[in-house]
Amino acid sequence: MAAGAWNIKPRANVCAACGAAFAPGDSGHSILESGSEEGFARRDLCPDCFAALNPTALKGLSGVWSWRVPKRPPHAKAEVEAVPKETAGHLLRVLLAGNAPEDRAVIYVLAILLERGKQLIERSVTRNEQGEKVRLYEERASGDLLAIVDPALAPEDLPAVQARILELLGGAGAR
């Protein structure tokens, strides 16, 4: 790779100087040096090793930043089993077909869950005649477009919406 290329490696699991492992919640520093055969070289250091660096050496670096290891790994599975994608997708379609105003919040939350699960892709956001946000989603598998009204939920509304979703999914599974 040519010098100056942007192939920067992700954060290491251990300090480049002393080899100490980075545990969840630990902080550290990354330094970015240019001029290596691979373009830029990243070194991740624990706070003690970073503090031991010569301050004049820091001036010649391409970049320096600090970070913190997340307390929970970003891809860790939640303790509560997620809603099966097929069930959530089926329920979303049933509720959209019914078009009941009282189901708007459930429809919206199901769409968000399916978007996070990579089943739906948000394509645009517009406003309808009433001034409400309408999110246009594309279903990844079929290519169908779904228009979902954003009900502007407040945080205190979410427990009731969650309870309704669980109720509907429980009823759907019992049939």
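Residues numbered from 1 in each chain as written. Predicted model: local features only at pLDDT ≥ 70, side-chain atom pairs only at ≥ 80, totals over all residues. Heavy atoms only, no water.

A. Region of the structure containing the pattern of salt bridges. Under the definition given, this model contains 10 salt bridges. Between arginine 104 and glutamate 132 there is a salt bridge whose closest N-O contact spans 2.7 Å. Within this pair, whereas arginine 104 is found in helix H4 (residues 104–116), its partner glutamate 132 is found in the loop between strand E4 (120–127) and strand E5 (133–139), the two being separated by 28 residues in sequence. Among the residues examined, glutamate 132 registers a relative accessible area of 23% and is labelled partly exposed. Two residues, glutamate 138 and arginine 123, come together in a salt bridge whose shortest N-O distance is 2.7 Å. Linking glutamate 138 in strand E5 with arginine 123 in strand E4, this pair joins segments that are 15 residues apart in sequence. (Salt bridge = Lys/Arg side-chain N within 4 Å of Asp/Glu carboxyl O. Helix = DSSP H or I, 4+ residues; strand = E, 2+ residues; numbered from the N terminus. Buried < 20%, exposed > 50% of the residue type's maximum accessible area, 1.4 Å probe, protein only.)

B. How the structure looks around unusual backbone geometry. Positive phi is not limited to glycine here, since asparagine 99 has a value of about 55°. Secondary-structure assignment places asparagine 99 in the loop between helix H3 (85–98) and H4. Note on asparagine 99: relative accessible area 63%, which makes it exposed. Phi is positive for alanine 152, which is not a glycine, with a value near 50°. Mapped onto the elements of the fold, alanine 152 is located in the loop between strand E6 (145–149) and helix H5 (158–174).

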